[in-house]
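# Topology and contacts: notes
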Amino acid sequence: MTRERFLPFSKPCLGPREIEAVCGVLQTDWITTGPKNTEFEEKFKAYTGAVSAVAMTSETSVMFALFRALGIGPGDEVITPSMTWVSLPNTAELFGARPVFVDCDRDTLMISPEAAEAAITPRTKMIVPVHFAGAPFDRDGFTELADRHGIFLLEDAAHALGTQYKGEKIGASGTAMFSFHPIKNITTGEGGMFVSDDVRFTARLRSLKFHGLGQDAYDRKTFGRSPRAQVLEPGFKFNLSDIHAVLGVVQLDRLEELNAERRRIAAAYRRALTEIPELIPLAEPKYDFVHSCHLFPVRLATDRLTRDDMMAKLKEKNIGTGLHFQSVHQQKYYAEKYGFAPGFLPATEWNSERLMSLPSFPGMTEEDLADVITACKEVLAGV
Ligand SMILES: Cc1ncc(COP(=O)(O)O)c(C=O)c1O
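Every value quoted in this text rests on a predicted model; they were computed, and no experiment measured them.

## What to know about the overall build of the chain
Check the secondary structure of the chain and you find 12 helices and 14 strands. The globule rule puts the C-alpha radius of gyration for 383 residues at 21 Å, and the 21 Å found for the chain is close to it. Across the 383 residues that make up the chain, the buried fraction comes to 58%. Restricting the contact set of the chain to residue pairs at least 6 apart, pairs at least 24 apart contribute 73%. When the 43 basic and 50 acidic side-chain charges of the chain are each reduced to a single mean position, those positions are 3 Å apart.

See below:
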């Protein structure tokens, strides 16, 4: 079986409403941070239940502003999974701090409070667990751990818009950051959101995202920034344009519908994979949760071919796959700088060699799904 048209592993779900909304902003005189940012932040708060929110150009920008606000730098340590995207470890490095990598659970790919606790030292300033692929991490366990040690808990919720933990949406309490990169559950092209129940901290982030001025890029009263706004502290230029923000406004309206699609696809894969023992899906958490089904990762468990070969063979059949993630601690810079021995994080390393994300995005048809399953079976059978 070779598909006629390439099936990507993900693609944004944008339609006439998004196109019309962007054109609407382009026809106004205000295309940078303005009323659409405010609307996006307000809607985001209403949806997640967050107390305060600041939109930025990416989740990575949020990390930079946050490291600056917390004064994390040389001599400090930040606990992170190695099974994650490179953003957080890179940000720690760029601020002169040390990312301390912790092994994940072999089947949920999330770090546990116990594993994080074993990595705490007097230099630990922050713990940043990831809600992996759209499943929530053990929030109660991490909150208790962070409180007991007086360490800042930051939730990496890049995959978790719409995810619930014990009946509460991620973002409703604590401090979290989201991404709106094109493969995420909603997209603004590029973008990110900081949320916190500490309103004063959020005000600091709002200032840091725009040069550290005492005023945001847009002030509703002056219809723009006050010309006499003063630098309170040096800040960044991470404000989101209204062209991007308006996409978020429309996509948020569609989020439940989009997430329902992702859940339909995940359920279909889980049914089909009962017939393919060589592809192991992730395990789901034991506590009460709602999954946002951001990704559908599987692990290849066979000695007959490598994961890279399988991805290449699926590509020949016009099926795309993703890799979420390659272990960060084994990537060139980190391996050379810290000299981790093979087997340092066994579960992370085992998964890093075997993971691939199957196509999963709203709008995938039953035929697309059947093609992926047939192609996987054929590749595994050597066809
Ligand atoms: C777990 C995780 N954290 C952080 C990020 C960074 O998000 P952004 O690309 O918006 O900076 C990503 C993006 O893919 C991610 O998957």
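## Details of the site of the ligand
Close contacts around the ligand come from 15 residues, with T60, D156, H159, S179 and K184 the closest. D156 places a polar side-chain atom, nitrogen or oxygen, 2.7 Å from a nitrogen atom of the ligand. Within the side chain of K184, one N or O atom sits 2.7 Å away from an oxygen atom of the ligand. The protein chains hide 91% of the 390 Å² of surface that the ligand would expose on its own. It is helix α3 (residues 59–70) that contributes the most residues to the shell around the ligand, 3 residues altogether. Residues of the shell around the ligand, tallied by class, amount to 5 nonpolar, 7 polar and 3 charged.

## Considering the packing of aromatic side chains
In the structure shown here, the tally under the stated rule is 21 aromatic pairs. The interplanar angle of 75° and the centroid separation of 5.0 Å between the aromatic rings of F44 and F178 together place this pair among those described as edge-to-face. Taken as a pair, F44 in helix α2 (residues 35–48) and F178 in strand β9 (residues 175–179) lie far apart in primary sequence, 134 residues in all. For the residue pair F44 and F178, the accessibility class agrees, reading buried in each case. Measuring from ring centre to ring centre gives 5.4 Å for F67 and F95, while their planes differ by 40°; the resulting arrangement is tilted.

## Topic: the sheet that holds strand β13 (residues 296–300)
Across the sheet, 3 strands lie side by side as β11-β13-β14; this open sheet has antiparallel pairing. The outermost strands of the open sheet, each flanked by one partner alone, are β11 (279–281) and β14 (355–358). Taking each pair of neighbouring strands and ignoring which way they run, the sheet shows an average axis angle of 40°. Two strands pair when backbone bridges link them, and β13 and β14 are joined in this way by 4 bridges, in the antiparallel orientation. Across the sheet, residue V298 finds its bridge partner in β14, namely M356. Strands in contact with helix α8 (residues 242–273) are β11, β13 and β14; relative to β13, the strand with the most contacts, it is inclined by about 20°. Here helix α9 (residues 307–316) sits on the sheet and contacts β11, β13 and β14; the angle it forms with β14, its principal contact strand, is near 25°.

## Description of unusual backbone geometry
At the junction of H324 and F325, the peptide bond is cis and its omega measures out at 5° in the coordinates. Relative to the elements of secondary structure, F325 occurs in the loop between α9 and α10 (332–338). The backbone of A133 shows a phi angle near 65°, a positive value even though the residue is not glycine. The class for A133 is buried, based on a relative accessible area of 2%. Positive phi values are uncommon outside glycine, yet N318 reaches one of about 70°. Mapped onto the fold, N318 is located in the loop between α9 and α10.

## A word on the domain arrangement of the chain
For the chain, the assigned domains are domain 1 (16–251) and domain 2 (255–380). Counting from both sides, the interface comprises 43 residues of domain 1 and, opposite them, 41 residues of domain 2. Taking both partners together, domain 1 and domain 2 bury about 3500 Å²; carbon and sulfur atoms supply 59% of that area. A per-residue breakdown of the area domain 1 buries against domain 2 is headed by F101, R106 and N185, which together make up 17% of the total. For the pair domain 1 and domain 2, the interface holds 2 salt bridges.

## Section: the environment of L255
Summarising the element assignment, L255 is placed in helix α8. Judged by relative accessible area, L255 falls into the buried class, the value being 0%. C-alpha of L255 to C-alpha of T57: the two residues are 198 residues apart in sequence and 20 Å apart in space. Residues in contact with L255, not counting those within four places in the same chain, are Y47, L161, N185 and I186.

## Section: the side chain of K184
With respect to the helices and strands, K184 occurs in the loop between β9 and β10 (192–196). The contact partners of K184, leaving out residues within four places of it in the chain, are A158, H159, S179, R262 and H294.

## Quick word on the environment of D371
By the secondary structure assignment, D371 is in helix α12 (residues 366–380). On the accessibility criterion, D371 (17% relative accessible area) is buried. C-alpha of D371 to C-alpha of M1: the two residues are 370 residues apart in sequence and 7.8 Å apart in space. Beyond its immediate sequence surroundings of up to four residues, D371 is in contact with M1, R3 and I319.

## Remarks on the sheet that holds β9
One open sheet accounts for 4 strands, arranged β1-β10-β9-β6; its pairing is mixed. The strands lining the two open edges of the sheet, one partner per strand, are β1 (52–56) and β6 (155–156). Note that β1 and β10 share 5 bridges and pair antiparallel. Each residue of the ladder has a partner; that of S52, found in β10, is S196. Across the sheet, α2 lies against β1, β9 and β10, angled at about 135° from β1, the strand it touches most. Seen against the sheet, α3 touches β1, β6, β9 and β10 and runs at an angle of roughly 150° to β9.

Cut-offs used in this document
Residues numbered from 1 in each chain as written. Predicted model: local features only at pLDDT ≥ 70, side-chain atom pairs only at ≥ 80, totals over all residues. Heavy atoms only, no water. Helix = DSSP H or I, 4+ residues; strand = E, 2+ residues; numbered from the N terminus. Rg over C-alpha atoms; globule rule 2.2 N^0.38 Å. Buried < 20%, exposed > 50% of the residue type's maximum accessible area, 1.4 Å probe, protein only. Contact = heavy atoms within 4.5 Å. Lys, Arg positive; Asp, Glu negative; His and termini not counted. Charge placed at Lys NZ, Arg CZ, Asp CG, Glu CD. Near = heavy atom within 4 Å. Polar contact = N/O pair within 3.5 Å; in protein donor to acceptor, adjacent residues only side chain to side chain. Areas by Shrake-Rupley, 256 points an atom, 1.4 Å probe, with all protein chains shown as cover. Nonpolar A, V, L, I, M, F, W, Y, C, P; charged D, E, K, R; others polar. Phe/Tyr/Trp six-rings, centres within 6.5 Å; stacked < 30°, edge-to-face > 60°. Pairing = 2+ DSSP bridges. Axes fitted to C-alpha atoms, helices over the stretch in contact; angles between N-to-C directions. Domains from an automatic or database assignment. Buried area = accessible area lost by both parts, 1.4 Å probe. Salt bridge = Lys/Arg side-chain N within 4 Å of Asp/Glu carboxyl O.

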